[in-house]
Amino acid sequence: MEKFTINLDEKRKEEFLKLLAENGFGEVTLKEDETNMSLMTDFYELTMSQVNFDNNEQNDIAYFDGFFRREPLDAGYGLIGGTDSLIEYIENLHFTDSDIEYLRSTNKFNEGFLEYLRNFKFKGDIWAMPDGTPVFRNEPFITVRGNKIETKIIETAILAIYNSQIAYTTAARKIVEAANGIDVVVEDEKTHELIPIMEFGARRAYGCNAAIDASKCAVIAGCAGTSNTKAAKMYGLTAMGTMAHSCVMEAKSEYEAFKKYANSFKNKPLFLVDTFDTLKSGIPNAIKVCKELGIELGGIRIDSGDLAYLSKEAQKLLKEAFPNAVICLSNGLNAPAIKSLKQQGAVIGSIGCGDNIASPDKRVGAVYKICATEENGKLIPKIKVSEDKIKTTNPGLKKVWRFYDKETGYALGDIIARHNETIPLDGYTFVNHEDTLQTKDVTNYTVRELQVPIFKNGEMIAIKKLYIYSNNKPATVEEASKLSKEGYKVYSISEVKSNPEINAEVGAEYTAHNINKTNKFINGI
């Protein structure tokens, strides 16, 4: 019997099952909707929500901000990832009959509250920064307005989504930036070329769904493609990859393995050449096979050894026979390693990175804190005060504005302002709140609010799946690099950060925008 998928709300499920039985389908089991993550919430969100329900506060309005307290992964800034996934989560948010039965079995919740959850639908407002937007400490990248119950229920999933995907995008961005600074040696002359990054971290990710998210986020951050075929299909990304060591080892010889592969893929094949001996065996066999078959050698990949030395020697071997062959380097590369390869004059046509994108070694630490409530139509700011200064929150409803130089288009600084504050357009002074003597006057600028409306009264008003794309194509490193060539400087209201070399800001109006690189990047809040 052919399988098919149909989406039904809970109220129509029994009617559907009855109809199937009447038409001779017998006993039918309906599979749980795996996209519905309503119970992906910490248990105390539900117990607190029952308190709200029992006190008739289910219509009382609260505001929450999502932000991080320190820039993640020592990057000097974070790169937003997760907003697209947030949309899918909110759209599928509802409690099923089995969810209600499970909650009833805990003996914690009364029937009135369980009935409320049975009919639950998010009806609030969400503003968020699009994926690919650079963001700094304490800047709200998401703000939620809703009743006191719905704003609690979604907290855990919001943080799970953003904490993971900001880590992926930021980690990938660090690698992309390091690669873009590499000098590629061509015919004894150093020319600056962009180095495409292939993300292939799926096997290093913490689960299949995490692998897909990491692949998507890598492309948001500027990677050229992914080895993850599922992610490529889902998001229209470029699927990339050639061979593994097993392809060579299962054959009778390296030469035979290369020949078999080349016979299957005659259009510029790329061979993995370090299985036995890169310089004495791998590259000579790659050259020999392509010459015998009369085809162009697309390139080689080196996955072990002294990559700087081997890449330079590889270029010498390839120079006469196949001067256009790409030299791809891999082997657990991270940003410092890539910068080191640059300093050593390594020859690099492309880079494969996995571990340090799909499983970053540091966390983001994003939090979700109440910042205001509404009472009789009036906004009441809320603040968390802590003996740890870093944990004291900024109260009230806020907006984040980015200032851009009119002449160059580059960012000058960010500010967090009150939600109803008017931003002057004829001159502004940035002041460091930790050192009020440190100021910066700016003129001749434009401003842009970084958050955009995503949901209004529970209805999606953003366009899904456009955070990754520019003109319906993935925003790759090569495309991004063409948008600007000068320095990018964001000035401080908070503290100086030393040269993290940002060169991407994707997300304004859901398109690649203001790609900037080099110069000092100074944090602003």
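Computed from a predicted model, the values in this text were never measured in an experiment. Residue positions within a chain follow its written sequence, with the count starting from 1. Where totals are concerned, whole chains, interfaces and linings use all residues; where local detail is concerned, this predicted model gives features only for residues with pLDDT of at least 70, and gives and counts side-chain atom pairs only at 80 or more. Heavy atoms from the whole structure form the basis of all side-chain values; hydrogens and water molecules are not counted.

S.K.: Give me the overall build of the protein: which residues, what numbers.
M.R.: Secondary structure is summarised from DSSP: a helix means a run of H or I of at least four residues, a strand means a run of E of at least two, and numbering begins at the N terminus for each. The helix and strand inventory of the protein stands at 16 helices and 26 strands. Only protein chains enter the calculation, and the probe is 1.4 Å; a residue is then buried if its accessible area is under 20% of its type maximum, exposed if over 50%, and partly exposed in between. Counting over 525 residues, the protein shows a buried share of 52%. A contact between two residues is defined here by any heavy atoms of the two lying within 4.5 Å. Look at the contacts in the protein between residues 6 or more apart in sequence, and 72% of them connect residues 24 or more apart. Throughout, the Shrake-Rupley method with a 1.4 Å probe supplies accessible areas, and for residues the shown protein chains are the sole cover considered. With an accessible surface of roughly 25400 Å², the protein has 49% of that area assigned to carbon and sulfur atoms.

S.K.: Could you give me a rundown of helix α8 (residues 208-220), with the residues and numbers involved?
M.R.: Taking 1.5 Å of rise per residue, 13 residues should cover 18 Å, and α8 covers 19 Å from first to last C-alpha, within 8% of that figure. With 11 of its 13 residues buried, α8 lies for the most part within the structure. Every buried residue belonging to α8 is among Ala210, Ala211, Ile212, Asp213, Ala214, Ser215, Lys216, Cys217, Ala218, Val219 and Ile220, and all of these are buried. Positive backbone phi, at 120°, marks Gly222, one or two positions downstream of α8. Here a helix's expected span is defined as the number of its residues, less one, multiplied by 1.5 Å.

S.K.: Give a description of the packing of aromatic side chains that names residues and reports values.
M.R.: Centre distance within 6.5 Å is the pairing criterion for rings of Phe, Tyr and Trp, where only the six-membered ring of Trp is used; planes under 30 degrees apart are then read as stacked, over 60 as edge-to-face, and the remainder as tilted. Under the definition given, this model contains 18 aromatic pairs. Between Phe141 and Tyr162, the ring centres sit 4.9 Å apart and the planes meet at 50°, which makes this aromatic pair tilted. Pair noted here: Phe141 is in the loop between β4 (134-135) and β5 (142-147) and Tyr162 is in helix α7 (residues 155-180), with a separation of 21 residues, a long-range link. Here the two residues Phe141 and Tyr162 agree in accessibility, since each one is buried. The interplanar angle of 70° and the centroid separation of 6.1 Å between the aromatic rings of Tyr261 and Phe271 together place this pair among those described as edge-to-face. Of this pair, Tyr261 sits in helix α11 (residues 254-264) while Phe271 sits in strand β10 (residues 270-272), and the two are 10 residues apart along the sequence. Pair check on accessibility: Tyr261 and Phe271 agree, each one buried. Here, a charge over a ring is recorded when the distance from Lys NZ or Arg CZ to the ring centre is within 6 Å and its angle to the ring normal is within 35 degrees. Looking at Lys288, its charged tip hangs above the ring of Tyr255, at a distance of 4.6 Å from the centre.

S.K.: I'd like to hear about the sheet that holds strand β11 (residues 299-302), residue by residue, with values.
M.R.: Paired strands, as defined in this entry, are two strands with at least two bridges between them according to DSSP. The 6 strands are arranged β9-β8-β13-β12-β11-β10 in an open sheet whose pairing can be described as parallel. Single-partner strands in this sheet number two, and they are β9 (225-226) and β10. Note: β11 against strand β12 (residues 326-329), 4 bridges, orientation parallel. Bridged to Ile300 within β12 is Ile327.

S.K.: An account of the side chain of Thr133 is requested, with residue identities and associated values reported.
M.R.: Mapped onto the elements, Thr133 comes out in the loop between β3 (125-128) and β4. Taking the relative accessible area as the measure of exposure, Thr133 reaches 1% and is therefore buried.

S.K.: Quick one: what's the story with the packing of helix α4 (residues 97-105) against helix α5 (residues 111-118), residue by residue and with numbers?
M.R.: Axis definition: a line fitted to C-alpha atoms, over the contacting stretch in the case of helices. Angles run 0 to 180 degrees between N-to-C directions. It is at 10 Å that the axes of α4 and α5 come closest, and there the two elements cross at 160°. Here α5 runs roughly antiparallel to α4, going by the angle between their axes. Between α4 and α5 the crossing geometry is right-handed. Residues Asp97, Ile100, Leu103 and Arg104 of α4 form the contact with α5, whose participating residues are Glu111, Leu114, Leu117 and Arg118. The scheme is simple: roughly parallel for angles under 35 degrees, roughly antiparallel for over 145, roughly perpendicular for 65 to 115, oblique for anything else. Note on convention: the crossing is left-handed when the near helix lies turned anticlockwise from the far helix by less than a right angle, right-handed when the turn is clockwise.

S.K.: Pulling in residues and values, what's your account of the side chain of Thr373?
M.R.: Structurally, the position occupied by Thr373 is in strand β14 (residues 366-375). Among the residues examined, Thr373 registers a relative accessible area of 7% and is labelled buried. Sequence-distant contacts of Thr373, defined by excluding residues within four places in its chain, comprise Ile61, Ala62, Tyr63, Lys378, Leu379, Ile380 and Lys382.

S.K.: Describe the pattern of salt bridges, naming the residues involved and giving the relevant values.
M.R.: Pairing is possible between side chains of opposite charge, provided their charged atoms come close. Salt-bridge detection follows one rule: a side-chain nitrogen of Lys or Arg within 4 Å of a carboxyl oxygen of Asp or Glu. Scanning all chains against the criterion turns up 20 salt bridges. Lys398 serves as the salt-bridge partner of Asp65, at 2.7 Å between the closest nitrogen and oxygen. In this pair, Asp65 sits in strand β1 (residues 61-68) while Lys398 sits in strand β16 (residues 398-405), placing the two residues 333 residues apart along the sequence. We classify Asp65 as buried; its relative accessible area is 3%. For Arg402, the salt bridge is made with Asp414, and the minimal N-O distance between the two is 2.6 Å. Residue Arg402 is located in strand β16, and its partner Asp414 is located in strand β17 (residues 411-418); the two are separated by 12 residues in the primary sequence. As far as burial versus exposure is concerned, Arg402 and Asp414 are alike and both buried.

S.K.: I'd like a rundown of the environment of Asn147, residues and numbers included.
M.R.: Structurally, the position occupied by Asn147 is in strand β5. Its relative accessible area of 11% is what places Asn147 among the buried residues. For the pair Asn147 and Asp60, spaced 87 residues apart in sequence, the C-alpha separation works out to 5.2 Å. Apart from residues no more than four positions distant in its own chain, Asn147 is found in contact with Gln58, Asn59, Asp60, Ile61 and Tyr116. There is a polar contact of 2.8 Å between the side chain of Asn147 and the backbone nitrogen of Ile149. Any pair of nitrogen or oxygen atoms within 3.5 Å is treated as a polar contact; in protein, a donor-acceptor pairing is required on top of that, and neighbouring residues in sequence qualify only through side-chain atoms on both sides.

S.K.: Please provide a residue-by-residue account of the packing of helix α2 (residues 43-54) against α5, values included.
M.R.: Packing of α2 against α5 leaves a shortest axis separation of 10 Å and a crossing angle of 105°. Between α2 and α5, the angle falls in the class roughly perpendicular. Taking contact as the criterion, the partners of Leu46, Ser49, Gln50 and Phe53 in α2 are, on α5, Gly112, Phe113, Tyr116 and Leu117. Ten residue types, Ala, Val, Leu, Ile, Met, Phe, Trp, Tyr, Cys and Pro, are classed as nonpolar, four, Asp, Glu, Lys and Arg, as charged, and the remainder, Gly among them, as polar. Its residues assigned to classes, the contact of α2 with α5 shows 5 nonpolar, 3 polar and no charged.

S.K.: Residue-level account of the nonpolar core, with values.
M.R.: In plain words, nonpolar cores are sets of buried Ala, Val, Leu, Ile, Met, Phe, Trp, Tyr and Cys residues tied together by side-chain atoms within 4.5 Å. Phe271, Leu297, Ile300, Ile302 and Ile351 are the most contacted members of the largest nonpolar core, which totals 52 residues. When sequence neighbours within four positions are dropped, the list of residues in contact with Ile302 reads Val273, Thr278, Leu307, Leu310, Ser311, Ala314, Ile327, Cys328, Leu329 and Ser330. In terms of nonpolar packing, the next biggest core, distinct from the first, is built from 47 residues, Phe64, Phe113, Met129 and Ile153 among them.

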